Amino acid sequence: MKILKLVLVIFLIFPINALKADNEVLKNKITKNLRCLICQGQSVYDSDSEFANSLKIVVDNKINEGLSEKQIYSYFQSKYGEWILYDPLFNKNTYFLWLLPLLIFFIGGAIIFNKFIKKQK
Amino acid sequence: MKNKLLPFSITFIFVIIFIVFYKGLKDTNIYTPESKINNEIPLLLVDLFDTDKTVNTIEIFQSDKLYLLNIWSSWCVPCRAEHSILIELKNSDRLKIIGMNYKDTKNNAKNFLEELGNPYDKIIFDSKGTYAIEWGAYGVPESFLISNNKVIKKYIGPLNTESFEEIKSFIK
């Protein structure tokens, strides 16, 4: 019975902790996908510049305001342009970039199919 | 047929690679921030430097006047260099200069203004640097020319004689 109580207590406490940690995880995820614009080749998460530190506070504020991850990205995109996102969005400027690996995969597959599998038959 | 195709495709691939690299050679790899202009100014509550009041940006920037928002800090060396230009711009009646004190202490900022003069009509106190982010700024110094609640021109880095002339042409 004691063990059962203990398990119940742990079970009740855990989700609350997880909820608090959730914001931190989300903040880290977002800042890792934002480019620090004044320190080239670093994400906002990695950088300790004035710009990056302020940006981290803004991300924190936006999460607390209840904005979703996507809304935060589009917010920063409207302020600084698409360059601030490490993960480029899927639009007419980038569809070639996104589809190229898939295209290469299919062409390569077709070559392999022609060369080896057809021959075996 | 097969013998002809192979050299052709190899040269084709090499030509494409050559073109890509040749173009890449001439591309600059230094990113210059995109100047997003004609954006509406952000509406947010800001702290003022002189009083401990919080005001909305819409109260600071009225639509019928021309404003220059200058982000500065006492620890920023280029800000010292551009300060004389701001002092000179202050003499114009049609332009109001609003300062945004970026990540600074009030004491240091006051000393800075005492030493070099105060060109600002109002000063926004941005202790955490978050207002600057809302404005889409990169750091100090940076200046925004604002007309009708829209950013019409953005100067990243210190103002120089060239930008001074340009601002003057806007005032006329």
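In this text, all values refer to a predicted model and were calculated from it rather than measured experimentally.

**Re the overall build of chain A**
Here comes step 1: The secondary structure content of chain A amounts to 4 helices and 0 strands.
Here comes step 2: Along chain A, from the amino end to the carboxyl end, the secondary structure elements read α-α-α-α.
Here comes step 3: A compact globule built from 121 residues would reach a C-alpha radius of gyration of about 14 Å, whereas chain A, at 23 Å, exceeds it by more than 25%.
Here comes step 4: Dimensions along the principal axes, computed over C-alpha positions, put chain A at roughly 70 × 50 × 25 Å.
Here comes step 5: The proportion of buried residues among the 121 residues of chain A is 15%.
Here comes step 6: For chain A, restricting intrachain contacts to residue pairs at least 6 apart in sequence, the fraction spanning at least 24 positions comes to 38%.

**A look at the overall build of chain B**
Here comes step 1: The number of helices and strands found in chain B is 6 helices and 7 strands.
Here comes step 2: Taking 16 Å as the expected radius of gyration for a compact globule of 172 residues, we find that chain B reaches 23 Å, considerably beyond that expectation.
Here comes step 3: By its C-alpha atoms, chain B is 85 × 35 × 30 Å across when sized along the principal axes.
Here comes step 4: Out of the 172 residues belonging to chain B, those deemed buried represent 30%.
Here comes step 5: Long-range contacts, defined here as pairs at least 24 residues apart, represent 73% of the contacts in chain B between residues at least 6 apart.

**Thoughts on the interface of chain A and chain B**
Interface size, as often reported, equals the accessible area lost upon joining of the parts.
Here comes step 1: Each partner contributes residues to the interface: chain A has 14 residues there, and chain B has 13 residues.
Here comes step 2: Broken down by secondary-structure element, the contributors of at least two residues to the side of chain A that touches chain B are helix H2 (50–64) and helix H3 (69–80) of chain A.
Here comes step 3: Here the element with the most residues in the side of chain A that touches chain B is H2 of chain A; it accounts for 7 residues.
Here comes step 4: Classifying every residue of the side of chain A that touches chain B gives 8 nonpolar, 4 polar and 2 charged.

**Some points on unusual backbone geometry**
All names here are of chain B.
Here comes step 1: A cis amide bond links valine 140 to the next residue, proline 141, at an omega of -15°.
Here comes step 2: Notably, lysine 103 is not glycine yet its phi reads approximately 45°, a positive angle.
Here comes step 3: Relative to the helices and strands, lysine 103 resides in the loop between strand E4 (95–102) and helix H4 (106–116).
Here comes step 4: You can call lysine 103 partly exposed: it has 19 C-beta atoms within 10 Å.

**Considerations on the sheet that holds E4 of chain B**
Residue and element names in this part refer to chain B.
Here comes step 1: The sheet built from 5 strands is open, its strands ordered E5-E4-E3-E6-E7 with mixed pairing. The sheet is open, and its two borders are formed by strand E5 (122–126) and strand E7 (150–156), each paired with just one other strand. Recorded for the sheet is a direction-independent mean angle of 20° between the axes of neighbouring strands.
Here comes step 2: Relative to E5, E4 is paired through 5 bridges, and the arrangement is parallel. Note that in E5 the partner of methionine 100 across the bridge is isoleucine 124.
Here comes step 3: Contacts from helix H3 (residues 77–90) reach strand E3 (66–72) and E4 within the one sheet, and its direction differs from that of E4 by about 155°.
Here comes step 4: Across the sheet, helix H6 (residues 161–171) touches E3, E4, strand E6 (142–147) and E7, and the angle it forms with E3 is around 155°.

**Brief notes about the confidence of the model for chain B**
Here comes step 1: Mean pLDDT over chain B works out to 87, with 92% of the residues at or above the 70 mark.
Here comes step 2: Across the predicted assembly, pTM comes out at 0.73 and ipTM at 0.74.

**Some words on the pairing of E6 of chain B**
Residue and element names in this part refer to chain B.
Here comes step 1: With respect to burial, E6 is a largely interior element, 5 of its 6 residues being buried.
Here comes step 2: In the sheet, E3 pairs with E6 via 6 bridges, with the strands oriented antiparallel. Bridge assignment links isoleucine 71 to a residue of E6, and that residue is glutamate 142.
Here comes step 3: Two elements, E6 and E7, share 6 bridges in a ladder whose sense is antiparallel. Each bridged residue has a counterpart across the sheet, and for leucine 145 the counterpart in E7 is lysine 153.
Here comes step 4: The turn joining E6 and E7, which pair antiparallel and follow one another in sequence, is formed by 2 residues; a positive phi near 55° is taken by asparagine 148.

**Some words on the nonpolar core**
Across soluble globular proteins, you tend to see nonpolar side chains buried next to one another.
Here comes step 1: Counting 42 residues, the largest nonpolar core has Leu55 of chain A together with Leu68, Ile71, Met100 and Ala132 of chain B as the members making the most contacts within it.
Here comes step 2: For this core, the elements supplying multiple residues, two or more each, are H2 and H3 of chain A together with E3, H3, E4, E5, helix H5 (130–134) and E6 of chain B.
Here comes step 3: Excluding residues that lie within four positions of it along the chain, isoleucine 71 of chain B makes contacts with Met100, Tyr102, Ala132, Ala137, Val140, Pro141 and Glu142 of chain B.

What counts and what doesn't
- Residues numbered from 1 in each chain as written.
- Chains lettered and ligands numbered in written order.
- Predicted model: local features only at pLDDT ≥ 70, side-chain atom pairs only at ≥ 80, totals over all residues.
- Helix = DSSP H or I, 4+ residues; strand = E, 2+ residues; numbered from the N terminus.
- Rg over C-alpha atoms; globule rule 2.2 N^0.38 Å.
- Buried ≥ 20, exposed ≤ 12 C-beta atoms within 10 Å, placed from the backbone.
- Contact = placed C-beta atoms within 7 Å.
- Nonpolar A, V, L, I, M, F, W, Y, C, P; charged D, E, K, R; others polar.
- Pairing = 2+ DSSP bridges.
- Axes fitted to C-alpha atoms, helices over the stretch in contact; angles between N-to-C directions.
- pLDDT = per-residue confidence, 0-100.
- Core = buried A, V, L, I, M, F, W, Y, C linked by C-beta atoms within 7 Å.

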